[in-house]
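Chain residues, written in single-letter form:
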Amino acid sequence: MFFYVARQPILTQDKQLYGYELLFRDGPNNAFPNVTSDEATLRLVDGGEFNTGIRELTDNHHAFVNFSEQAIIDRLPRLLPCKGTVVELLETVSPSDCVFEAVKELKSEGYQIALDDFEYSAQWQRFLPYIDIIKVDFRALSMIQIRQILKQLSAFNGQYLAEKIETPDEFSQARELGFSLFQGYFFARPEMMQRRALSSSQTVCMRLLELTSDANYQVDAIADLIEQDVGLTYKLLRFVNSAFFKRQSEIHSIQQAIVRLGQAELRKFTALIATATLAEGKPDELIKLSFVRARFMEQLALHNKNYGADAASAFLTGLLSKLDAMMDNDLNAILSGVAIAAEIKRPLIEGKGPLSFFLKACEALETTDWAKLELIAERLRVESKTLVLYYQQAQAWAREIGRQ
């Protein structure tokens, strides 16, 4: 499964790159799909931040992302990092009290706020102290109308962005009028980008919605369900490490991540993922292998407690161990935005730490390297035939999960 996004550069007066506007696409064709703005934003946030990371899509420049009125009221921008994120209020957003309070909160938390396709209304006047960028559409308005807007906004201290600039004359006119940021076909058309994304089973997501809607939800039951889907596991970890939470700390298990969230934010995460997920078939071989590894390493930790490896951390390490192959990216880059414990990251990225020998046991069993397995068994102080038994049991468990 792939995630598609188009990005169009936003430049300064001297044509230096300032950032990109990110535009959702549902396939390789560079055109806006037939979906609502809310769905497009949800899928952009889901695919962009929870799989790749918005900062990677913009090469660490500013990311301009459109949000509808309801998305602003629901504080959906908080799913993205405040640093470098420009929250664009679509032209359909009304200057209501609810929107005003949300804008003030987002601004206080470090987000930049932009008004898209702006046309002046006195109701927006109270918003101006909290607005960083006002975007003006040079295709929709005449020069007389644009000058009138700038006159009405004489108290505005932020930046003006001229969008849909298509000719050298329009660029010159915009600069003369005081615009400092520019976007349009004169500079570049939206560039298509394709990234491999992990899908989350719609069945799992719907069940998760049911579990989290229960006022007396059980953390263990939710954790068991999430552990069935490696993509959902990864997205949960990124969510816990998102801008919703000011303090980042190491996560040792899925249960801990769920407790850290609390029910309200867990519901929000579940609703986002369920809305953004497309129907998918059964897990492919890479995901099945992740299941096997996770279960094998968990069982090895449970039955080898003298070794000092935590079973929950062992499971999570195995589950994440094939993400590089699934996402066509380096594990170090994939896990850079996830606050997981060093005991999990080290074996995955550096091949070091107690759990690295569990991973090496997996690799030896997968390649039937019996000589290597004997050495690992000796290091773990367990018989090699016991490792084979655990692996066979893990395979049976993974097959059962695949049938659910």
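Residues numbered from 1 in each chain as written. Predicted model: local features only at pLDDT ≥ 70, side-chain atom pairs only at ≥ 80, totals over all residues. Heavy atoms only, no water.

A. View of the packing of aromatic side chains. Tallied over the entire structure, the rule returns 15 aromatic pairs. For the ring pair F100 and Y130, a centre distance of 5.8 Å and an interplane angle of 75 degrees mean the geometry is edge-to-face. Linking F100 in helix α4 (residues 97–108) with Y130 in the loop between β5 (112–115) and β6 (133–137), this pair joins segments that are 30 residues apart in sequence. Y130 sits in the partly exposed class, given a relative accessible area of 26%. Through a chain of ring-to-ring contacts, three or more aromatic side chains come together here, namely F100, W124, F127 and Y130. Against the face of Y185 rests R189, its NZ or CZ located 3.9 Å from the ring centre. Of note, K360 hangs over the ring of F357, and the distance from its end group to the ring centre comes to 4.8 Å. (Phe/Tyr/Trp six-rings, centres within 6.5 Å; stacked < 30°, edge-to-face > 60°. Helix = DSSP H or I, 4+ residues; strand = E, 2+ residues; numbered from the N terminus. Buried < 20%, exposed > 50% of the residue type's maximum accessible area, 1.4 Å probe, protein only. Lys NZ or Arg CZ within 6 Å of the ring centre and 35° of its normal.)

B. Quick peek at the environment of I349. By the secondary structure assignment, I349 is in helix α15 (residues 342–350). Measuring from C-alpha to C-alpha, the distance between I349 and D330 comes to 8.9 Å, with 19 residues separating the pair along the chain.

C. Representation of the pattern of salt bridges in the model. In this structure the tally under the stated criterion is 20 salt bridges. The salt bridge involving E105 is made with R75; its shortest N-O contact spans 2.9 Å. Linking E105 in helix α4 with R75 in the loop between α3 (69–73) and β4 (85–89), this pair joins segments that are 30 residues apart in sequence. For R75, a relative accessible area of 15% puts it in the buried group. Put simply, E366 and R293 hold a salt bridge, and the shortest N to O gap is 2.8 Å. Note that E366 is positioned in helix α16 (residues 354–366) and R293 in helix α11 (residues 285–302), a separation of 73 residues in sequence. (Salt bridge = Lys/Arg side-chain N within 4 Å of Asp/Glu carboxyl O.)

D. Here's a closer look at the environment of K322. By the secondary structure assignment, K322 is in the loop between α12 (311–320) and α13 (323–327). In this structure the C-alpha to C-alpha distance between K322 and K288, which are 34 residues apart in sequence, comes to 10.0 Å. For K322, the contacting residues outside a window of four places in its chain are L286, L289, S290 and R293. (Contact = heavy atoms within 4.5 Å.)

E. Local environment of helix α9 (residues 230–240). Extensive coverage of α9 is indicated by the burial of 11 of its 11 residues. Taken residue by residue, α9 has V230, G231, L232, T233, Y234, K235, L236, L237, R238, F239 and V240 as its buried positions. For α9, the capping residue at the N-terminal end is D229, with a side-chain oxygen 3.0 Å from the backbone nitrogen of L232. (Polar contact = N/O pair within 3.5 Å; in protein donor to acceptor, adjacent residues only side chain to side chain.)

F. Region of the structure containing the confidence of the model for the chain. Mean pLDDT over the chain: 84, with 86% of residues reaching 70 or higher. Throughout residues 278–282 the model reports pLDDT below 50, and contacts reaching past four residues in sequence, or to other chains, amount to seven contacts. (pLDDT = per-residue confidence, 0-100.)

G. Seen up close, the environment of Y18. In this structure, Y18 sits in strand β2 (residues 17–25). Classification of Y18 as buried rests on a relative accessible area of 14%. Measuring from C-alpha to C-alpha, the distance between Y18 and T58 comes to 10.0 Å, with 40 residues separating the pair along the chain. Among residues more than four places away in sequence, those in contact with Y18 are I10, L11, T12, H61, H62, F64, Q112, I133, Q159 and L181.

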